[in-house]
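Close look at the chain arrangement
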Amino acid sequence: MSHTEPAALVVLVSGSGTNLQALLDACADPAYGARVVAVGADRHGIEGLARAERAGVPTFALQVKDFDSREEWDAALAGAVAAYDPDIIVSAGFMKLLGSTFLALYGGKVVNTHPALSPSFPGMRGPADALAYGVKVTGATLFVVDPGIDTGPIVAQAAVEVVDGDTEETLHERIKVAERTMLVDSVGRMAREGFVVEGRRVRFGGLVD
Ligand code: GRF
């Protein structure tokens, strides 16, 4: 990455792709400092891929069931991403854990957004688990992916109030509004300023010409 060219982003999705759309919209401004060079998915026929296609961004989809093992799928995913030589990989609603081959190649360059305030409520049911626990504040976390489940060093967090009458759906939708803003702000800073991971601490900066 350098100051002269926009950072190349590969975005991984599994669903509606509203976080992806927020990044695509932000990248339309050259001052944002990044562009989405490809969108990958673990399934076909999702709105996330359709959003990429409408934006003229190349896509690829690799399903675990089409491979003999999870490891082979992970290696194929790493290969598909490598074809686009990304500076940053954004897992935005990608519902698969990245494996050892992928992280050996891209560890430290992959961020994931999770709809809860880490370290609370890791896993697939962040909003539902927060609601069931009865917390009054939850939110979203952007972190640098490590081998654990939503355990990596934290880049940014956004807090969201839980209100009376919330359902999993209403809470998750409100979290996603905050999540998209956090994601766009943070990825833009990572692209323009760089970022440094020191143990569990992540700070922006360190990009050299
Ligand atoms: C986001 O809340 C993400 O954190 C979670 O699933 C949601 C994906 O939303 N894992 P979208 O596909 O970006 O609309």
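Presented here is an overview of the structure given in this document. Please read all numbers here as calculations on a predicted model, not as lab measurements. (Residues numbered from 1 in each chain as written. Predicted model: local features only at pLDDT ≥ 70, side-chain atom pairs only at ≥ 80, totals over all residues. Heavy atoms only, no water.)

**Overview of the overall build of the protein**
Rule in force here: Secondary structure elements are taken from DSSP: a helix is a run of H or I of four residues or more, a strand is a run of E of two residues or more, and numbering for both begins at the N terminus. Between the two quantities, the radius of gyration covers C-alpha atoms and the globule rule is 2.2 Å times the number of residues to the power 0.38. Classification of residues uses two cut-offs on accessible area relative to the type maximum, computed with a 1.4 Å probe and protein chains only: under 20% is buried, over 50% is exposed, and between them is partly exposed. Residue contacts follow a heavy-atom distance rule, with two residues in contact if any of their heavy atoms lie within 4.5 Å. Note on areas: Shrake-Rupley with a 1.4 Å probe; residue coverage comes only from the protein chains shown. Counted as positive: Lys and Arg. Counted as negative: Asp and Glu. His and the chain ends are not counted at all. A charged residue contributes its charge at one atom only: NZ of Lys, CZ of Arg, CG of Asp or CD of Glu.
Of the regular secondary structure elements, the protein holds six helices and nine strands. Over its C-alpha atoms the protein spans a radius of gyration of 16 Å, differing by no more than 12% from the 17 Å that the globule rule assigns to 209 residues. Taken along its principal axes, the extent of the C-alpha atoms in the protein is 45 × 40 × 35 Å. The buried share of the protein, reckoned over its 209 residues, is 49%. In the protein, of all internal contacts separated by at least 6 residues, the share reaching a separation of at least 24 is 60%. If you sum the accessible surface of the protein, you get close to 9,800 Å²; carbon and sulfur atoms cover 53% of it. Within the protein, one finds 18 positive and 27 negative side-chain charges whose respective centroids are separated by 3 Å.

**Comments concerning the side chain of Thr 138**
Along the polypeptide, Thr 138 turns up in strand E6 (residues 137–144). Judged by its relative accessible area of 1%, Thr 138 falls in the buried class. Those residues in contact with Thr 138, other than ones at most four positions away along the chain, are Ala 116, Leu 117, Ala 130, Ala 158, Ala 159, Val 160, Val 162, Leu 171 and Ile 175.

**Looking at the site of the ligand**
Note the cut-off: What makes a residue near a molecule or strand is one non-hydrogen atom of that residue sitting within 4 Å of it. In protein, a polar contact requires one atom able to donate a hydrogen and another able to accept it; more generally it is a pair of N or O atoms within 3.5 Å, and residues adjacent in sequence count only if both atoms are side-chain atoms.
The full set close to the ligand counts 13 residues, and Ser 16, Thr 18, His 172, Lys 176 and Glu 179 are the nearest of them. Within the side chain of Thr 18, an N or O atom sits 2.6 Å from an oxygen atom of the ligand. Here an oxygen atom of the ligand sits 3.2 Å away from a polar atom, N or O, in the main chain of Thr 113. For the ligand, the protein covers 91% of the area, taking 370 Å² as the surface of the free molecule.

**A short note on the packing of aromatic side chains**
So the rule is basically this: Under the pairing criterion, centres of Phe, Tyr and Trp rings, with the six-membered ring standing for Trp, must be within 6.5 Å; the plane angle then separates stacked pairs below 30 degrees from edge-to-face pairs above 60, leaving the rest tilted.
One pass over the full model with this rule turns up four aromatic pairs. Between Phe 60 and Tyr 84, the aromatic rings sit 6.1 Å apart at their centres with planes inclined by 10 degrees, giving stacked as the arrangement. Here Tyr 84 lies in the loop between helix H3 (70–82) and strand E4 (88–92) and Phe 60 lies in strand E3 (residues 59–61), a separation of 24 residues in the sequence. Looking at Phe 60, the relative accessible area reads 12%, which means it is buried. On the basis of relative accessibility, which here comes to 29%, the residue Tyr 84 falls in the partly exposed class. Here the aromatic rings of Phe 102 and Tyr 106 are separated by 5.5 Å at their centres, their planes lie at 50 degrees, and the arrangement is tilted. With Phe 102 and Tyr 106 both in helix H4 (residues 100–106) and four residues apart, this pair spans about one turn of that helix. Classification of Tyr 106 by relative accessible area gives buried; the value is 7%.

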